[in-house]
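# Coordinates in review
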Amino acid sequence: MESGINKKPNILVLTSFLSNDNSSKMIKDVAKSLEDDYNVDVLSKYPAEVEGLNIYSAYNNYERFIINILLRFKAKFFYYKSKFIKANNNISKDYHFFGLNEMKPPVNPNRITGRIKKDYDFVLVFFWQGLITSKTLKDIHDKINKPILLMAADMFPMTGGCSYFWDCDRLKDSCGKCPGLSSTIDHDITRINFLYKKKMISNINCIILGNTWQINHANKSTLFNNLGEIYPIVDENVFRQRDKKMLKQKFNYSNKIILFFGALGVHDPRKGFKYLVESLNLLHNYRPDLVKNIVLLVAGTGEEISELNHYEVNYTGHLSFDELAEYYALSDVFLCPSVQDAGPMMLNQALMCGTPAVAFNIGTACDIINEDTGYLAKYRNSEDFCKGIITLITKSNDELLNIQEECRIQSLKRSSYKAFRDKIIFAYNEIKKVDK
């Protein structure tokens, strides 16, 4: 076995992209968490230079250049083709489909397997979209005959095509009659995809990892025999508690109640901004005495939210990770109105900074939000979400300090470098037993 420097075993992290700050940061954090035990290689779609990462790619820079030129020339064609496909498949705008043909991966699997030159102990798969399907996973497994650990960033690995399925429970029946496609046919493309995916995965020694909400759905789908718990890794050195009073003074928010949330996807029903606006309007009606001291702090470069003009609203614009961590730490409560989300990542980051959160009982919130870390609101219930905000911002200073400490303590146990590494190594040791 080729074990690289220091005689440590090798692992391969597979990710579809490393082109934006979020994905690069997460993969870098993963590598850091595992580097004491393994040599970590990363295989992505396109070349990238990220300090501290040894990266291979399916395409080289010249191929990437050619692909980008072709995409520019074909942009209009793909635009009209996409409209044609959506029209003929009746794809609902509320559903997200990364792929509807498991048999034809976005990137030829030979380009992936051809880059695998080492003997790896296992492969850790992060972002699938635009790179692989279950066929690719089968080809990788055929080549290296080692376990594959699948991180569930969304619900795509366990369905016949969609990444979020709202109230649909068709995955327990191998999909088909897909509401996202307005399908009335049992054996539609989602059923074909699902059964093909099941055939591929049944021949792979793999385990799917996610929060308990995801794993509960994965268990219903019957695609995977092996399931394990894990949470997104959060850099506890960047996302940390700070002196809230000093930060508020620094940003001219002294004596203000800061409610913090992200603005990306304002018009995406999945992000639940409808419920956030309703909740904040209810707060304005119920407790105008509180509202006069509240500042809504909105992260990111999303659109402005006109329905909240009776609040003081400040938009941060694009934030670096250090800046984002500061804003979490100075905020009193983080608001997460998502109604279809496996995460989101911001919820995990906020708690790591010691900031309690209000969220609906879905996704990772079901595991990480409790009476010691915030308020878990009834699903799509704006009244209860508003109640959660009031409950948190009216607590005593001592109660808030205890909650802030507990947010940090629980996050370190769940999402720190060490916690992530321990979960990965545990999952690997469990899946190794399957071959014995």
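What counts and how
All residue numbers refer to positions counted from 1 along the written sequence of the respective chain. Reporting in this predicted model follows two pLDDT cut-offs: at least 70 for local features of residues, and 80 or more for side-chain atom pairs to be given and counted; totals over whole chains, interfaces and linings ignore these cut-offs and use all residues. In computing side-chain values, all of the structure's heavy atoms are included and hydrogens and water are not. Only DSSP runs of H or I covering at least 4 residues are called helices, and only runs of E covering at least 2 are called strands; the numbering of each starts at the N terminus. Taken over C-alpha atoms, the radius of gyration is set against a globule rule of 2.2 Å times the number of residues to the power 0.38. To sort residues, take the accessible area from a 1.4 Å probe on protein chains only and compare it with the maximum for the residue type: under 20% means buried, over 50% means exposed, and anything in between is partly exposed. Contacts are residue-level and defined by heavy atoms, with any inter-residue pair within 4.5 Å sufficient. Strands qualify as paired when DSSP identifies two bridges or more between them. In this description, a line fitted to the C-alpha atoms serves as the axis of each element, helices being fitted only across the stretch in contact, and the angle between N-to-C directions of two axes falls anywhere from 0 to 180 degrees. Buried residues of nine kinds, namely Ala, Val, Leu, Ile, Met, Phe, Trp, Tyr and Cys, make up a nonpolar core once their side-chain atoms join them within 4.5 Å. Here a helix's expected span is defined as the number of its residues, less one, multiplied by 1.5 Å. By convention in these notes, a salt bridge is any Lys or Arg side-chain nitrogen within 4 Å of a carboxyl oxygen on Asp or Glu. Stacked, edge-to-face and tilted labels apply to pairs of Phe, Tyr and Trp rings (six-membered ring for Trp) whose centres lie within 6.5 Å, assigned for plane angles under 30 degrees, over 60, and everything in between, in that order. Under this scheme an angle from 65 to 115 degrees is roughly perpendicular, one under 35 degrees roughly parallel, and one over 145 degrees roughly antiparallel; angles in between are oblique. Each crossing is labelled by how the near helix is turned from the far one, with a counterclockwise turn of less than a right angle marking it left-handed and a clockwise turn marking it right-handed. Basically, the charged four are Asp, Glu, Lys and Arg, the nonpolar ten are Ala, Val, Leu, Ile, Met, Phe, Trp, Tyr, Cys and Pro, and anything else, Gly included, counts as polar. Think of pLDDT as the predictor's per-residue confidence, scored from 0 to 100.

The helix and strand tally for the protein stands at 16 helices and 15 strands. The globule rule puts the C-alpha radius of gyration for 436 residues at 22 Å, and the 23 Å found for the protein is close to it. When its C-alpha atoms are laid out on the principal axes, the protein stretches across 65 × 55 × 45 Å. Here the protein holds 436 residues, and the buried ones make up 54% of them. For the protein, the share of sequence-separated contacts (at least 6 apart) that also reach a separation of at least 24 residues comes to 69%.

Before going further, it helps to spend a moment on the sheet that holds strand S11 (residues 294-299). Either a parallel or an antiparallel arrangement is found when strands of a sheet pair, and the pairing is made through backbone hydrogen bonds. Taken in spatial order, the 6 strands of this open sheet run S12-S11-S10-S13-S14-S15, and their pairing is parallel. Only two strands of the sheet have a single partner each, and these edge strands are strand S12 (312-315) and strand S15 (374-377). Across the sheet, the mean angle separating the axes of adjacent strands is 20 degrees when strand polarity is ignored. In the sheet, strand S10 (residues 257-262) pairs with S11 via 6 bridges, with the strands oriented parallel.

What follows concerns the nonpolar core. In terms of nonpolar packing, the biggest core is built from 113 residues, with Phe239, Leu259, Leu280, Leu283 and Leu335 touching the most fellow members. Not counting residues within four places of it along the chain, the set of residues in contact with Leu280 comprises Leu259, Leu296, Leu308, Tyr311, Leu335 and Ile389. Residues Tyr38, Leu124, Ile207 and Phe420 belong to the second largest nonpolar core, which totals 30 residues.

Turning our eyes to something else, we now look at helix H15 (residues 397-415). Along an α-helix, a turn takes 3.6 residues, which lines up residues three or four apart on a common side. Its 19 residues place the ends of H15 26 Å apart at the C-alpha level, agreeing with the 27 Å of an ideal helix rising 1.5 Å per residue. Here H15 has its buried residues at Leu400, Ile403, Gln404, Cys407, Arg408, Gln410, Ser411, Arg414 and Ser415. Of the surrounding elements, those touching the buried residues of H15 are helix H8 (244-250), helix H12 (345-352), helix H13 (365-368), helix H14 (382-393) and helix H16 (417-432).

A few words now on the pattern of salt bridges. Counted under the stated rule, the structure contains 22 salt bridges. Several salt bridges share partner residues, and in doing so they unite Asp169, Arg170, Lys172, Asp173, Lys177 and Asp186 into one network.

Another aspect to go through is the packing of aromatic side chains. For the structure on display, the rule yields 15 aromatic pairs. Plain terms: the ring middles of Phe239 and Tyr328 are 6.1 Å apart, the flat faces sit at 55 degrees to each other, and that makes the pair tilted. Pair noted here: Phe239 is in the loop between strand S9 (227-229) and H8 and Tyr328 is in helix H11 (residues 321-330), with a separation of 89 residues, a long-range link. For the pair shown, Phe239 and Tyr328 are each scored as buried.

The N-to-C vectors of helix H5 (residues 134-144) and helix H6 (residues 189-201) enclose an angle of 10 degrees; their axes lie 9 Å apart at closest approach. By the angle between their axes, H5 is roughly parallel relative to H6. For the element pair H5 and H6, the recorded crossing hand is left-handed. Between H5 and H6, the residues in contact are Ser134, Lys135 and Lys138 and Tyr196, Lys197, Met200 and Ile201, respectively. Its residues assigned to classes, the contact of H5 with H6 shows 3 nonpolar, 1 polar and 3 charged.

Spatially, S3-S2-S1-S5-S6-S8-S9 is the arrangement adopted by the 7 strands of the open sheet, whose pairing is parallel. Of all strands in the sheet, those with a lone pairing partner are strand S3 (54-57) and S9, marking the two edges. Ignoring strand direction, the axes of neighbouring strands in this sheet form an average angle of 25 degrees. In the packing of H5 onto the sheet, contacts are made with strand S1 (10-14), strand S5 (122-125) and strand S6 (148-151), and the angle to S6 comes to roughly 155 degrees.

Turning our eyes to something else, we now look at the side chain of Lys248. When you line up the elements, Lys248 lands in helix H8. Residue contacts for Lys248: discarding those within four places in its chain leaves Tyr253, Ser254, Lys256, Ile258, Leu330 and Asp332.

Moving on: unusual backbone geometry. With an omega dihedral of 0 degrees, the bond running from Gly343 to Pro344 counts as a cis peptide bond. Along the chain, Pro344 falls in the loop between strand S13 (333-336) and H12. Not every positive phi belongs to a glycine, and Ser174 is a case in point at roughly 65 degrees. Mapped onto the elements of the fold, Ser174 is located in the loop between strand S7 (162-164) and H6. Residue classification places Ser174 among the buried residues on the basis of a relative accessible area of 17%. In this model, Lys177 sits at a positive phi of 45 degrees, which is unusual for a non-glycine residue. Residue placement: Lys177 occurs in the loop between S7 and H6. A relative accessible area of 39% means that Lys177 is categorised as partly exposed.

Our next topic: H6. Here H6 spans 18 Å end to end across 13 residues, near enough to the 18 Å set by a 1.5 Å rise per residue. Taken as a whole, H6 has its buried residues at Thr190, Arg191, Asn193, Phe194, Tyr196, Lys197, Met200 and Ile201. Residues of H6 that are buried in the fold lie against H5, strand S8 (206-210) and helix H7 (212-221).

Here the focus is the confidence of the model for the protein. Segments scoring low in pLDDT should not have their predicted coordinates read at a detailed level. Summary statistics for the protein give a mean pLDDT of 89 and a share of 91% for residues scoring 70 or more. Low pLDDT, under 50, characterises residues 1-5; the stretch is placed with 15 contacts to residues that sit more than four places away or in other chains. Note on residues 75-88: pLDDT is under 50 here. Beyond four places in sequence and across chains, it has 3 contacts.

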